[in-house]
Every structure is written in structure tokens, then in C-alpha cells.
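The chain contents come next:
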Amino acid sequence: MSVAKKDNTKLILVGLMLGILIASMDNTIVTTAMGTIVSELGGMEQFVWVTSAYMVTVMAGTPIFGKLSDMYGRKRFFIFGIIMFLLGSILCGMAGSIVQLSIFRAIQGVGGGALMPIAFTIIYDIFPVEKRGKMTGLLGAVFGTSSIFGPLLGAYITDSWGWNWVFYINLPIGLIALALIIVFYKESLSHIKQQIDWGGAFTLVGAVVCLMFALELGGEKFAWDSFVILGLFAGFAVLFAAFLLIERRVLEPIISFGMFRNRLYTTSCILALLYGAVFIIATVYIPIYVQGVFGGSASNSGFILMPMMIGSVVGSMMGGMLSSRFSYRSVMMLSVVCFLGGIFALSTLSVDSTRTMLTLYSILTGFGVGFSFSVLSMASVHHFDMHQRGAATSTNSFLRSLGMTLGITIFGIIQRNLVASNMAEAFQGMGQSGQSFGNLQETLTPENRALIPPAILDKISAALSSSIAQTFMWALIPAALAVVVVIAMPKDRIRREVHELSEQQG
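Here is what the cut-offs are and how they apply
Residues numbered from 1 in each chain as written. Predicted model: local features only at pLDDT ≥ 70, side-chain atom pairs only at ≥ 80, totals over all residues. Heavy atoms only, no water. Helix = DSSP H or I, 4+ residues; strand = E, 2+ residues; numbered from the N terminus. Buried < 20%, exposed > 50% of the residue type's maximum accessible area, 1.4 Å probe, protein only. Contact = heavy atoms within 4.5 Å. Areas by Shrake-Rupley, 256 points an atom, 1.4 Å probe, with all protein chains shown as cover. Patch = residues over 30% accessible without salt bridge, like charges linked within 9 Å, V, L, I, M, F, W, Y side chains within 5 Å. Salt bridge = Lys/Arg side-chain N within 4 Å of Asp/Glu carboxyl O. Core = buried A, V, L, I, M, F, W, Y, C linked by side-chain atoms within 4.5 Å. pLDDT = per-residue confidence, 0-100. Phe/Tyr/Trp six-rings, centres within 6.5 Å; stacked < 30°, edge-to-face > 60°. Expected span 1.5 Å × (residues − 1). Axes fitted to C-alpha atoms, helices over the stretch in contact; angles between N-to-C directions. Parallel < 35°, antiparallel > 145°, perpendicular 65-115°, else oblique. Left-handed = near helix turned anticlockwise from the far one by under 90°. Nonpolar A, V, L, I, M, F, W, Y, C, P; charged D, E, K, R; others polar. Bend = angle between axes of the 7 residues up to and from the residue.

Caption draft 1: Just the overall build of the chain, in detail. The secondary structure content of the chain amounts to 20 helices and two strands. Of all 506 residues assigned to the chain, the portion counted as buried reaches 56%. Of the contacts made within the chain by residues no fewer than 6 positions apart, 84% connect residues no fewer than 24 positions apart. Working note: accessible area of the chain is about 20,500 Å², and carbon and sulfur atoms make up 67% of it.

Caption draft 2: Inspection of the side chain of Ser323 at higher detail. Among the structural elements, Ser323 can be located in the loop between α13 (306-322) and α14 (328-346). The contact partners of Ser323, leaving out residues within four places of it in the chain, are Tyr328, Val331, Val375, Met378 and Ile494.

Caption draft 3: Quick look at a nonpolar patch on the surface. A contiguous nonpolar surface patch, about 380 Å² in accessible area, is contributed by Tyr156, Trp161 and Trp165. Relative to the helices and strands, Trp165 is located in helix α7 (residues 165-168). On the basis of relative accessible area, Trp165 is assigned to the partly exposed category, the value being 40%.

Caption draft 4: Summary view of the environment of Gly292. Counting through the fold element by element, Gly292 comes out in helix α11 (residues 263-294). According to the relative accessible area criterion, Gly292 is buried, its value standing at 1%.

Caption draft 5: Looking closely at the nonpolar core. The biggest cluster of nonpolar side chains holds 118 residues, and the ones touching the most others in it are Leu16, Leu271, Met332 and Leu346. With 17 residues, the top contributor of residues to this core is α11. Residues contacting Met332, with those up to four places away along its chain left out, are Leu271, Tyr275, Phe371, Ser372, Val375, Leu376, Val486 and Met489. Ranked by size, the runner-up nonpolar core spans 17 residues in total, among them Ala33, Val50, Ala95 and Ile98.

Caption draft 6: Spatial organisation of the confidence of the model for the chain. For the chain, the average pLDDT comes to 80, and 83% of its residues sit at 70 or higher. Within the chain, the lowest mean pLDDT, 41, falls on helix α20 (residues 498-505), and the highest, 95, falls on α14. Across residues 432-439, where pLDDT falls below 50, the model places 11 contacts with residues more than four positions away in sequence or in other chains. Segment residues 496-506: pLDDT under 50, and 18 contacts once partners within four positions in sequence are set aside and those in other chains are kept.

Caption draft 7: Local environment of the packing of aromatic side chains. Inspection of every chain in the model, using the stated rule, returns 15 aromatic pairs. Each ring, one from Phe65 and one from Phe80, has its centre 5.7 Å from the other, and the planes form 40°; the classification is tilted. Of the two residues, Phe65 is situated in helix α3 (residues 48-72) and Phe80 in helix α4 (residues 74-93); the sequence distance between them amounts to 15 residues. Using a relative accessible area of 34% as the deciding quantity, one classes Phe80 as partly exposed. Between Trp165 and Tyr168 the ring centres are 5.4 Å apart and the planes differ by 80°, which places this aromatic pair in the edge-to-face class. One end of the pair is Trp165 and the other is Tyr168, both in helix α7 and three residues apart, which spans about a single turn. Here the aromatic cluster, defined as three or more aromatic residues joined through ring pairs, consists of Phe236, Phe240, Phe243, Phe257, Phe260, Tyr265 and Phe384.

Caption draft 8: Quick look at helix α9 (residues 198-217). Over its 20 residues, α9 runs 28 Å from end to end, which matches the ideal 28 Å to within 8%, given 1.5 Å per residue. Once α9 finishes, Gly219 follows within two positions and takes phi at roughly 80°, a positive value.

Caption draft 9: Structural context of the packing of α14 against helix α19 (residues 454-488). Between α14 and α19, the shortest axis-to-axis distance is 8 Å and the interhelical angle comes to 165°. Judged on the interaxial angle alone, α19 and α14 are roughly antiparallel. Between α14 and α19 lies a crossing whose hand is left-handed. In this structure, α14 uses Arg329, Met332, Met333, Val336, Leu340, Ile343, Phe344 and Leu346 to contact α19, whose residues at the interface are Ala469, Phe472, Ala475, Leu476, Ala479, Ala480, Ala482, Val483, Val486 and Ile487. The class makeup of the residues in the contact of α14 with α19 is 17 nonpolar, no polar and one charged.

Caption draft 10: Inspection of helix α15 (residues 355-381) at higher detail. Taking 1.5 Å as the rise per residue, α15 with 27 residues should run 39 Å; its terminal C-alpha atoms sit 40 Å apart, in good agreement. Its axis deflected by about 35° at Val375, α15 carries its strongest bend there. Among the 27 residues in α15, 20 count as buried, and that is most of the element.

This is the structure:
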């Protein structure tokens, strides 16, 4: 049980928000600095591990630390998460090679995997039921904002101070969060002693690592039917099967499959997976569309995401407040309709689309996805007591991260194939191909656009625009599945258990 004086809850909330800020933003802030990092450190063949190493350890650590926080307390593992994250940040800034940077990013990811789920769980512990919606909405807004604002901040920091400061910027923010949690967050020391599921932990980490590497390397460094890729997929299948077997037999599993017997919890987790898979596409391909079609710079493309960021913040806070008055299903129905409408609108983009149209589409998409940041977290813990909340929120966060990873990988392959096909068709019979102009994204930087003949530039822009629009059209499949899952949600609402849970808080 967590204890927090009323005067301290706001300071604790600030500490939690800062922890989520650095953990979630670090997943995107590095992307815009990657070109500069590779140019200085080399290792073009290995740079993919810089992103993969962080995402793998975050995904694997999230359910593990969620369970450990249920067993031994939230505070110690939140503090551990901040310390590991800051240690990893310092080492990343000092890295002298891509291999070193990848290893240090994995250390960062260990910390990030602890921060994200535990922060949401602490909210449920220290705030009464009637305030949880609003507070969860704030944390969700931070998560959504950082996911979109990260690339823009990364570009600015890299251009102004150097790529090292993309990591060093975490230090002052993290130290403030650490101080606030240590000083003001008080927690009961009475916890149920349980066994740690080491077998489940190792098989889960191994399965996630094999899947990530297979998806990252397949079709790029190795052919999809190569021995390496097939071996990685086989390793994933074997380890994941072993994980499922272990989790069904141990007394205290990391992911309790018994929790999935609850329909509200199950649908919330599936929605987290689907929303993550689709939303990451918008954050990646809208900037590329701006650079490749409108001719904007990296900073311009970052600013074009601001409407989506604002929409997600409004949606997250509104979702938290509406959940106190309406059922989770009703709130998520509004969310998924806006989300599906936004993705459909983005699938209509073309070279003739205006910035105003793109802004409106982005706002609608961001508004729709914003609800999921707050509502799904609340729905996932609705039927569980404080000894299960960590596992519930961490599994939900894990599935959202998994969805983002799978989404950007699968739809990235789709877009890459589409743009290659479009380019080949556009230049057919002209004696030129897309490869004649070098790397597509580099070719469409403002400096290089002026060097390309207008007729050629128009064809390249049309090919890129069409590939992105078609990718969003494919993304309508998981978005439509999300509608079906929302309809399957039960009509549970917070108000039904206010009295019971308030007594538990007391």
C-alpha cells in the first residue's frame, strides 16, 4: 500500500511524469540523430542495433519489472529504473563505436522497462478512484507528446549541441525525477514474498530478441529464406512455446494468463497492441511525406507533427475524464471512430494534398489515439487489486511496445516495396530508375531538390506520396480490427467500484 500526503501527491506526480518523459522520448529522439551518429562512429551495417537494443530490453523488462513491483514494492524498482536509465545515458554519450552504443542502449532499455509500467501503477496506488482518470490522462498525455516531440527535439539538439547531448539531456530531467520520488513517495514495506519466475524471464527475453532481430535483418542484411532468418524465427517459436509452458506451471508467473480470462483486460491489451502498430506508422511517415512531397526540412517535418501531438494530449486528458462518467467501451468507441477516420483520411494523401488537409488529418488521428494512452491503462487494472496492478499495466505496456515494433517493421517493408515498385513504373521507358538519384530520402532534402529537374522531381514525389498513402490504406486493417475489439469490450465503468476501492485505499 502506498502512502502519500495530499501536499506531496503533486510532487510525486511531477516525478512520475518526468520519468515517463525520458523513457518514452528516448525511443524516438535518437532517430533523427542517427545519421550524424553513423557519420561520426561508422558502422553503417550495425546501426540498426542502436534502436533494436533499446526496444528489446524495454519490451522484455516491462512485464518483469511490473511483476517485481507487485512482489517487492514500486518505489525501489522505479528508483532502480531511473538509475539504470541515467547510467545508460551517460555511457551512450561517451560511446566510441556503434557496437558500444548498442550495448549501452540496452542498459538504458533496462531502466526504461521499469519506469513506464511502474509509473502508471503508482498512480492507481496513491490517488483515489475519482481522480485516477484525470491523473492517468496526464501521464498518457506525456507519453503521447514525447513520442511525437522526440524526433523534433532530437534534430534540434543534434544540430545545435551534437549527438552526445541527445543522451546527456536525460541527466537533469532524470535527477529531478529521482529526487522527487526518493523524498516524497512513501510506501508500505509490507509485501507478499513470492518466487521470481527466472525461467519465464529468460525465455521471454530470448523470444523477443529472436523476433526483433529476425524482423530487423530480414530482407535487408539477409534474405527472408536464409538460414539466419529462418533460424531466428525458429528460435522465437521454440522459446515462446517454452515461455507459455513455464508460465502455465509456475506459481507466480511474470505474465499471468489467468488474468486474460477477464474480458475487459483482454480487450484492453489487444487494443494496446493494435493502436501501437498503427500509430507508430503515422509518426514515422507523416514527416517523410512532408520532406518528400512538400519539400520541407527535418525540422519542418517535426513541426508538422505538432497538431497530432496536441490532438493526442487533448484526447488523453479527455479520455481520462470521460472514463469517470461513461463506460470504457463508450469512451473507446469515440476514440476508435476518430482513429479509424484519421487513418482513412491519411490514406487519401497525394501530391495535390495541402498542408491544411494534412494538419486536419493529423489532429483527428492524434485525438483518436490519445484516448488509448489513458483509458486502456485504467481498463487493464479495473478488476485487479494492488498486488496485481503492476503485472496488469506492464503487460498492457509491453503489448503496446510490441505493436509499435511489429507495426513499423511490417509496414516499413510494405512501404519500401511500394515505393520501389512505384519508382520503377514511373521511370519505365525513360532509361532511368530510382537508383539513379541515390538514396530517396537524401535526394529529397531541400538542398538537393533544387538540383533535380522538375519533371524528374514530380515523378519521385508522386511515387513516394502514393507509397505512403497505400501504406496507410494497409494500416486500415488493424484499425478496423480495433473497432471489432472495442465492440467486444464489456460495459464496465469506474463508478461501479468506487466505494469498494475507496475502502481499500483507506
